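# Observations on the three-dimensional arrangement
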Amino acid sequence: MNEPTGRLAGKVAIVTGAGGDIGRAICVRYAQEGARVVAAELRAELAEATAAAVREAGGEALAVPCDISHTAGAEAMARAAVERFGRIDVLVNCAAIFGTIRRAPFYELTEEEWDACMAVNLRGMWLCCKAVFPTMRAQGSGKIINISSGTAFWGSPQFLHYVTSKAGVIGLTRALAREMGDYGITVNAIAPGLTLTSAALATTPREYLEQRAQAGALKRPQHPSDLVGAFVYLASADSDFVTGQTLVVDGGRVLW
Ligand SMILES: NC(=O)c1ccc[n+]([C@@H]2O[C@H](COP(=O)([O-])OP(=O)(O)OC[C@H]3O[C@@H](n4cnc5c(N)ncnc54)[C@H](O)[C@@H]3O)[C@@H](O)[C@H]2O)c1
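Residues numbered from 1 in each chain as written. Predicted model: local features only at pLDDT ≥ 70, side-chain atom pairs only at ≥ 80, totals over all residues. Heavy atoms only, no water.

## A look at unusual backbone geometry
The phi angle at glutamine 158 is positive, at roughly 80°, despite the residue not being glycine. Within the element layout of this structure, glutamine 158 appears in the loop between α5 (151-154) and α6 (160-180). (Helix = DSSP H or I, 4+ residues; strand = E, 2+ residues; numbered from the N terminus.)

In structure tokens, the structure reads:
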């Protein structure tokens with residue numbers, strides 16, 4: 001077999017929430033760049049579908065059905081990656097309560113909705129970072145990429161739990177970058193703008209989607225393919241001296 005080529009040749013990347021459109025696009029692009037991919041996802045059939053998409057693109061993938069909002073699921077994910085591929089170079093924390101979120105005024109949200117959102121979007125992210133840490137520390141290297149959202153900058157109304165969780169991702173990224181720097185591990189975040197995924201289409205009114213497509217410096221809708229280049233950059237050696245940062249990828253809507 002030929003040696004893999006590409007900007008992530010020889011790397012092993014875990015992507016959580018790999019069954020969503022953004023997670024799947026990252027997995028396929030990482031494989032095209034030479035990485036072996038672990039598709040971690042709550043819904044087993046979606047994990048398998050993403051692994052199949054990676055294989056179709058000529059890559060190698062392991063589907064790991066797991067619930068990353070609990071220690072057991074996060075640790076099982078990291079263990080499966082090491083057992084199959086022997087190392088973990090990249091963790092993309094993409095899993096979130098997003099496609100199933102209920103949009104409502106803040107005074108109508110329930111404690112259960114708030115807690116469920118935080119359990120995946122923040123606690124799960126922390127637990128996944130914790131789960132890969134022993135392996136990355138032993139390697140003396142690693143790259144963690146957390147998905148925030150443009151909503152955290154914009155303060156988008158009608159889903160306060162989600163927006164708050166995505167703002168929390170930025171704080172988590174900054175503080176963790178300082179703690180992980182001593183071990184050669186970088187921690188960064190990407191904040192996508194509204195991206196046309198099946199989850200976004202299910203939760204966002206059509207008029208709003210059309211309005212948003214005209215709201216940035218670049219006036220067109222955003223697709224998962226617009227994001228993957230930034231994920232490759234933060235996973236590759238090109239970003240070795242970049243940590244604690246949040247990169248907004250939204251066609252120039254949020255400028256900060
Ligand atoms: N689409 C957008 O407009 C947009 C914008 C900004 C940020 N984001 C973020 O990008 C990411 C992907 O978004 P998407 O549009 O593909 O949404 P999505 O809802 O399709 O993807 C999220 C995936 O996470 C999985 N998941 C949920 N809970 C889990 C758990 N406990 N354990 C493991 N997996 C779990 C879901 O099953 C789903 O496949 C999310 O973090 C989302 O918040 C999306």
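## Some remarks on a nonpolar patch on the surface
A contiguous nonpolar surface patch, about 470 Å² in accessible area, is contributed by Phe106, Tyr107, Trp114 and Leu160. Position of phenylalanine 106 relative to the elements: it lies in the loop between β4 (90-93) and α4 (111-139). (Patch = residues over 30% accessible without salt bridge, like charges linked within 9 Å, V, L, I, M, F, W, Y side chains within 5 Å. Areas by Shrake-Rupley, 256 points an atom, 1.4 Å probe, with all protein chains shown as cover. Salt bridge = Lys/Arg side-chain N within 4 Å of Asp/Glu carboxyl O.)

## Thoughts on the pattern of salt bridges
For the coordinates displayed, the defined rule picks out eight salt bridges. With a closest N to O distance of 4.0 Å, arginine 84 and glutamate 60 form a salt bridge. Of the two residues, arginine 84 sits in helix α3 (residues 71-85) while glutamate 60 sits in the loop between α2 (44-56) and β3 (61-65), which places them 24 residues apart along the sequence. As a salt-bridge pair, arginine 220 and aspartate 226 come within 2.8 Å of each other at their nearest N and O atoms.

## As for the nonpolar core
Ranked by internal contacts, the top residues of the largest apolar core, which has 36 residues, are Ile14, Met77, Leu91, Val132, Ile144 and Met180. Where this core is concerned, the elements lending two or more residues are β1 (12-16), β2 (36-41), β3, α3, α4, α6 and β6 (185-192). Considering each element in turn, this core owes the most residues, 11 residues, to α4. Filtering out sequence-adjacent residues up to four positions away, leucine 91 remains in contact with Ile14, Thr16, Met77, Cys128, Cys129, Val132, Met136, Lys143, Ile144 and Ile145. Of all hydrophobic cores here, the second largest spans 32 residues; its members include Ala51, Ala61, Ile147 and Val228. (Core = buried A, V, L, I, M, F, W, Y, C linked by side-chain atoms within 4.5 Å. Buried < 20%, exposed > 50% of the residue type's maximum accessible area, 1.4 Å probe, protein only. Contact = heavy atoms within 4.5 Å.)

## Points about the site of the ligand
The ligand sits among 29 residues. The nearest are Glu41, Cys94, Tyr162, Thr195 and Thr197. Backbone polar atom of isoleucine 22 to an oxygen atom of the ligand: 3.2 Å apart, as the coordinates give it. Contact distances for the ligand include 2.6 Å between an oxygen atom and a side-chain N or O atom of tyrosine 162. For the ligand, whose unbound accessible area comes to 820 Å², protein coverage reaches 93%. Because more than half of its atoms lie within 2 Å of the grid, the ligand is assigned to the largest pocket. Elements with a minimum of two residues in the shell around the ligand: α1 (21-32), α6 and α7 (198-203). Of the residues that constitute the shell around the ligand, the class distribution is 15 nonpolar, 10 polar and four charged. (Near = heavy atom within 4 Å. Polar contact = N/O pair within 3.5 Å; in protein donor to acceptor, adjacent residues only side chain to side chain. 1 Å grid on protein atoms, 1.4 Å probe; cavity = no way out; pocket = protein on both sides within 12 Å on 5 of 7 lines; lining within 4 Å. Sits in = over half its atoms within 2 Å of the grid points. Nonpolar A, V, L, I, M, F, W, Y, C, P; charged D, E, K, R; others polar.)

## Quick look at the sheet that holds β6
A sheet is described by the order of its strands in space; here seven strands give the open sequence β3-β2-β1-β4-β5-β6-β7, paired in parallel fashion. Strands at the two margins of the open sheet, each flanked by one partner only, are β3 and β7 (246-249). Recorded for the sheet is a direction-independent mean angle of 20° between the axes of neighbouring strands. Two elements, strand β5 (residues 142-147) and β6, share six bridges in a ladder whose sense is parallel. In the strand pairing of β6, asparagine 146 is matched with alanine 189. α1 rests against β1, β2, β4 and β5 of the sheet, and its axis sits at about 170° to β1. Along the sheet face, helix α9 (residues 228-235) touches β4, β5, β6 and β7 and points at about 150° away from the line of β5. (Pairing = 2+ DSSP bridges. Axes fitted to C-alpha atoms, helices over the stretch in contact; angles between N-to-C directions.)

## Remarks on the state of the cysteines
Applying the stated criterion across every chain yields a total of zero disulfides. Cysteine 27 takes part in no disulfide bond, and the closest cysteine sulfur, belonging to cysteine 94, lies 8.2 Å away. Look at cysteine 94 and you get buried, because its relative accessible area is 14%. (Disulfide = S-S within 2.5 Å.)

## Looking at the layout of surface pockets
Counted as a void, the largest pocket has a volume near 1100 Å³. Contributing to the lining of the largest pocket are 48 residues, with Ala96, Ile97, Phe98, Gly99 and Ala199 lying nearest its centre. Where the lining of the largest pocket is concerned, the elements lending two or more residues are α1, β2, α5, α6, α7 and α8 (206-213). In terms of residue count, α7 provides more of the lining of the largest pocket than any other element does, four residues in total. Of the residues that constitute the lining of the largest pocket, the class distribution is 24 nonpolar, 16 polar and eight charged. (Points joined across faces, edges and corners; volume = space filled by probe spheres on them.)

Just distances and angles here, no functional claims.
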